[in-house]
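Structural features, examined
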Amino acid sequence: MRIEVDQERCEGHGLCEERAPQVFTLDDEGNLSYAFDGQDVPADRVDEAESGAVVCPVAALKIVR
Ligand code: SF4
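1. Quick look at the site of the ligand
- In the vicinity of the ligand lie 14 residues, with Cys10, His13, Gly14, Cys16 and Cys56 positioned nearest.
- Under a 2 Å grid-point criterion requiring more than half of the atoms, the pocket assigned to the ligand is the largest cavity.
- Grouping the constituent residues of the shell around the ligand by class yields ten nonpolar, three polar and one charged.

2. A word on empty space enclosed by the protein
- Counting across every chain of the model gives one cavity of 30 Å³ or more.
- If you go around the largest cavity, you meet 13 residues; those closest to its centre are Cys10, His13, Gly14, Cys16 and Cys56.
- Across the lining of the largest cavity, the residue classes break down as nine nonpolar, three polar and one charged.

3. Things to note about the environment of Arg65
- Of note, Arg65 is situated in the segment after β4 (61-64).
- Separated by 64 residues in sequence, Arg65 and Met1 place their C-alpha atoms 4.6 Å apart.
- Excluding residues that lie within four positions of it along the chain, Arg65 makes contacts with Met1 and Glu50.
- Here Glu50 takes part through its side chain, which lies 2.7 Å from a polar atom of the side chain of Arg65.

4. Some thoughts on the nonpolar core
- Ile3, Val23, Phe24, Tyr34, Val41 and Leu61 are the most contacted members of the largest nonpolar core, which has 17 residues in total.
- Put simply, the parts of the chain that give this core at least two residues each are β3 (32-34) and α2 (46-54).
- Among the elements that line this core, the one with the most residues is α2, at three residues.
- Those residues in contact with Phe24 that sit more than four places away from it in its chain are Ile3, Cys16, Glu17, Leu32, Ser33, Tyr34, Ala49, Gly52, Ala53 and Leu61.

Analysis parameters
- Residues numbered from 1 in each chain as written.
- Predicted model: local features only at pLDDT ≥ 70, side-chain atom pairs only at ≥ 80, totals over all residues.
- Heavy atoms only, no water.
- Near = heavy atom within 4 Å.
- 1 Å grid on protein atoms, 1.4 Å probe; cavity = no way out; pocket = protein on both sides within 12 Å on 5 of 7 lines; lining within 4 Å.
- Sits in = over half its atoms within 2 Å of the grid points.
- Nonpolar A, V, L, I, M, F, W, Y, C, P; charged D, E, K, R; others polar.
- Points joined across faces, edges and corners; volume = space filled by probe spheres on them.
- Helix = DSSP H or I, 4+ residues; strand = E, 2+ residues; numbered from the N terminus.
- Contact = heavy atoms within 4.5 Å.
- Polar contact = N/O pair within 3.5 Å; in protein donor to acceptor, adjacent residues only side chain to side chain.
- Core = buried A, V, L, I, M, F, W, Y, C linked by side-chain atoms within 4.5 Å.
- Buried < 20%, exposed > 50% of the residue type's maximum accessible area, 1.4 Å probe, protein only.

Structure follows, in structure tokens:
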């Protein structure tokens, strides 16, 4: 499973970070970093990553299976 991040859509709400702080982090300027960019999410982080992705209010995080 992968997550594609659309940085253009991201508005820095931080909901993903609240749900999945080991996966998504925002810097002080609201720029999103994704821990597994360009790679499969490790098995032990899949549940957390999905939980964070589905709460994004602007659909910037797409789950790809
Ligand atoms: S919840 Fe969506 S809009 Fe908010 S920081 Fe995460 S990716 Fe960006």
